[in-house]
Amino acid sequence: MGRYVVRRLLQMIPVFIGATLLIFLMVNVMGDPIAGLCGDRECDPATAAQLRHEFGLDQPVWQQYLTYMGNVFTGDFGTAFNGQPVTELMGTAFPVTIRLTIIAILFEIVVGIVLGVVTGLRRGRPVDTGVLLLTLVVISVPTFVTGLLLQLLLGVKWGWIDPAVSSEAPFRELIVPGLVLASVSLAYVTRLTRTSIAENRRSDYVRTAIAKGLPRHRVITRHLLRNSLIPVVTFIGTDIGALMGGAIVTERIFNIHGVGYQLYQGILRQNTQTVVGFVTVLVLVFLVANLVVDLLYAVLDPRIRYA
Amino acid sequence: MPEQQPYEPERAIAGTGMGGQMDLGASEAVTLEKTPGGPEGTGPQDKPRSLWSDAWHDLRRNPVFIISALVILFLIVISIWPSLIASGSPLKCDLAKAQEGSQSGHPFGFNGQGCDVYTRTVYGARTSVAVGVLATLGVAVLGSVLGGLAGFFGGAGDAVLSRITDVFFAIPVVLGGLVLLSVITSNTVWPVIGFIVLLGWPQISRIARGSVITAKQNDYVQAARALGASNSRLLLRHIAPNAIAPVIVVATIALGTYISLEATLSFLGVGLKPPSVSWGIDISAAAPYVRNAPHALLWPSGALAITVLAFIMLGDAVRDALDPKLR
């Protein structure tokens, strides 16, 4: 187990370097950050040159990357061009997005798995067909449309929620945005659980469990569910990173000041350090979530052993 | 009929393909149980069919496939000749009519700029279909060539490619789109297509790689190799036809998600920009007026949802037809 974890951690290094380098290069073609700093006017060449030197932008890209990563590992994510440390922006943005992601994941786990189990056990019945159609519709409607429609119905027409989330963004106000963020993945979780349950229901160990007289709920929770949840756990685990990165759209619709909002602002204002800093953290979250998922396999499926 | 290995496009979409294999014994049992008989309605007197004609036999009888294929056909026709069903120009707008509702000659009403929503919705299909089809072609060709070669030859190239796909999976798609496309001033579909190909190929490449690795272990491939077939012949004649099914399934479903992605990027202001006509642009423009003119938001949203739904259902139907395990 220990050796496996070490090997996986070592494997994460090239992926981490590759992903951050890729985004670093992308951000570097994003245009001249100094031009963005001067606003709409043309920059004074001398000032521009000085700023360029100050931010290290006159060095080659690979050297900028090395310097940046060196700083990141000492906890220094640089300063946004408005002088605010990027870590400070992260301190305000990440708690909001983490709350939003937690709500989304809870929706996926509770609603997605319950619907998946219910439909998987009743394959071909009306309830199954209905839910299946519903998931297809949810997958087909892009998140921003779902968000706008729910905002229109619940926020504007019926007045159940505030159309915009306040800057503190407590859990209560994030429920609907969390549902919107989760919607597509929720449908996938339902379908995945359904397929998995329906497949495993015909397996020998379920037949054995029924034959030895176990009550139905015990067969389902202890035998069927535990084996069927392995692909679902994989999906949800990898989804954590995707949800946090994909929150841009949801946060924009509901005016939530989280990671997506900061990133959107950073990109619009060509704020290199903000964008690279946030993306670096998101990539780390994604990699760690994947690692945790792989380790969870062993817990869920005792047949899997890590040497 | 060649036996299909189990694969799960739904898992593949999430970009996960690693780690523990679940209950292989049970799924194999299911496959074996199901394959010999073939689909229902095939008598023993039928001559043995290939996977493809078998799938086509199934698809022709699948109402989901027929409906989604008809919708897609209709979309393709109106994206080539939009004037067939919409006479006006999508750019002809009359501010005096801004936000007005449905009236004769203008069934969907007018948007915030006084443009006819019906005409714009019809013309918007072109962008979506073009982006979806071209991006999918690009992703499928690039992904299956790279993934297929990596899977076939293995070795260092394969290891490098696998790490590269890992890198791409670690980057959130919408975020990458915002960063890359925010600098591009060209207002055509090409940058969006290029971006989708750039970030989409790893998904197909992973599927193609796995599927080629499975196919190359088959006895008939070993036999062909023993008879002295060259690598290119092995790949093109023996492996490709038997490994392409999962790629087609995932690509068809991905087509729908690419259309949705284009609309999302246009909604965020980095995909296509006005005066281009795209459902994403129209939805984004209608959002501020939603209180007074919800129709300007609902029609393009509905068109977008139906289009994506049609492609995803088509992909679903194709998957069911090509994967005997699910029968």
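Residues numbered from 1 in each chain as written. Chains lettered and ligands numbered in written order. Predicted model: local features only at pLDDT ≥ 70, side-chain atom pairs only at ≥ 80, totals over all residues.

Observations concerning the overall build of chain A
For clarity, the cut-off: Numbered from the N terminus, helices here are DSSP runs of H or I no shorter than four residues, and strands are runs of E no shorter than two. Exposure criterion: with C-beta atoms placed from backbone coordinates, a residue whose C-beta has 20 or more other C-beta atoms within 10 Å is buried, one with 12 or fewer is exposed, and one in between is partly exposed. Any pair of residues counts as being in contact when their C-beta atoms, constructed from backbone geometry, are within 7 Å of one another.
Check the secondary structure of chain A and you find 12 helices and 0 strands. Taken along its principal axes, the extent of the C-alpha atoms in chain A is 85 × 55 × 30 Å. The burial tally for chain A puts 42% of its 307 residues in the buried class. Of the contacts made within chain A by residues no fewer than 6 positions apart, 74% connect residues no fewer than 24 positions apart.

Quick look at the overall build of chain B
In terms of helices and strands, chain B carries 12 helices and 0 strands. Going from N to C terminus, chain B has its helices and strands arranged as α-α-α-α-α-α-α-α-α-α-α-α. The burial tally for chain B puts 49% of its 327 residues in the buried class. A separation of at least 24 residues holds for 73% of the contacts in chain B among residues at least 6 apart in sequence.

A closer look at the interface of chain A and chain B
The criterion, for reference: Gly is placed with the polar residues, together with every amino acid not listed as nonpolar (Ala, Val, Leu, Ile, Met, Phe, Trp, Tyr, Cys and Pro) or charged (Asp, Glu, Lys and Arg).
The interface of chain A with chain B comprises 55 residues on the first partner and 46 residues on the second. Elements that contribute at least two residues to the side of chain A that touches chain B include exactly helix H1 (2-28), helix H6 (126-140), helix H7 (143-157), helix H8 (175-200), helix H10 (216-253), helix H11 (259-268) and helix H12 (272-300) of chain A. Across the side of chain A that touches chain B, the residue classes break down as 38 nonpolar, 10 polar and 7 charged.

Considering the environment of Tyr68(A)
All names here are of chain A. Looking at the element boundaries, Tyr-68 is found in helix H4 (residues 61-72). Given 20 C-beta atoms within 10 Å, Tyr-68 falls into the buried group. Sequence spacing of Tyr-68 and Phe-24 is 44 residues, and the spatial spacing of their C-alpha atoms is 9.7 Å.

Quick notes on the packing of helix H9 (residues 219-226) of chain B against helix H10 (residues 231-267) of chain B
All names here are of chain B. We apply this condition: Between N-to-C directions, angles cover 0 to 180 degrees, with each direction set by a line fitted to C-alpha atoms, over the stretch in contact for helices. The scheme is simple: roughly parallel for angles under 35 degrees, roughly antiparallel for over 145, roughly perpendicular for 65 to 115, oblique for anything else. Left-handed is the label given to a crossing in which the near helix is rotated counterclockwise from the far helix by less than a right angle, and right-handed is the label when the rotation is clockwise.
Direction vectors running N to C along H9 and H10 enclose 155°, while the axes themselves pass 10 Å from each other. Classified by the angle between their axes, H9 and H10 sit roughly antiparallel to one another. Crossing of H9 over H10 shows right-handed handedness. For the pair formed by H9 and H10, the contact residues are Tyr-220, Val-221, Ala-224 and Arg-225 on the first element and Leu-234, His-238 and Ile-239 on the second. Here the residues of the contact of H9 with H10 sort into 5 nonpolar, 1 polar and 1 charged.

A word on the environment of Gln273(A)
Residue and element names in this part refer to chain A. Looking at the element boundaries, Gln-273 is found in helix H12. When the 21 C-beta atoms within 10 Å are taken as the criterion, Gln-273 is described as buried. It is 8.9 Å that separates the C-alpha atoms of Gln-273 and Tyr-68, two residues lying 205 residues apart in sequence. Sequence-distant contacts of Gln-273, that is, excluding residues within four places in its chain, are made with Phe-77, Gly-78, Thr-79, Ala-80 and Val-86.

A look at unusual backbone geometry
All names here are of chain A. Despite not being glycine, Asn-255 shows a phi value in the positive range, around 55°. Turning to its location among the elements, Asn-255 is positioned in the loop between H10 and H11. On the basis of neighbour counts, which here come to 15 C-beta atoms within 10 Å, the residue Asn-255 falls in the partly exposed class.

A short note on helix H9 (residues 204-211) of chain A
When you tally the buried positions in H9(A), you get 0 out of 8 residues, a small fraction of the element. Backbone geometry just downstream of H9(A) places Gly213(A) in the positive-phi region, at approximately 90°.

Observations concerning the confidence of the model for chain A
Basically, it comes down to this: Confidence of the predictor in every single residue is expressed as pLDDT, which spans 0 to 100.
Averaged over chain A, the pLDDT score is 82; the fraction of residues at 70 or greater is 91%. Looking at the elements of chain A, mean pLDDT is at its lowest for helix H2 (residues 33-37) of chain A, recorded as 60, and at its highest for H9(A), recorded as 90.

Considerations on the confidence of the model for chain B
All names here are of chain B. Per-residue confidence for chain B gives a mean pLDDT of 77; residues scoring 70 or more make up 80%. Ignoring residues within four places in sequence, the model shows residues 1-44, a span with pLDDT below 50, making 76 contacts including any to other chains. Here the complex is predicted with pTM 0.80, and the ipTM for its interfaces comes to 0.80.

Looking at the nonpolar core
Residue and element names in this part refer to chain B. Definition in use: To form a nonpolar core, buried Ala, Val, Leu, Ile, Met, Phe, Trp, Tyr and Cys residues must be joined through C-beta atoms within 7 Å.
If you look at the biggest cluster of nonpolar residues, it comprises 161 residues, and the most contacted ones within it are Leu-178 and Ile-196. For this core, the element with the highest residue contribution is H10, accounting for 18 residues. Residues within four places of Ile-196 in sequence aside, it is in contact with Ala-135, Val-139, Tyr-258 and Leu-261.

A word on the packing of helix H5 (residues 86-121) of chain A against H8(A)
Between two packed helices, both the angle of their axes relative to each other and the distance between the axes serve to describe the pair. All names here are of chain A. As a packed pair, H5 and H8 sit with axes 6 Å apart at the nearest point and diverge in direction by 30°. The angle between the axes of H5 and H8 places the two elements in the roughly parallel class. For the pair H5 and H8, the sense of crossing is right-handed. Along the lines of polarity and charge, the residues of the contact of H5 with H8 split into 19 nonpolar, 8 polar and 2 charged.

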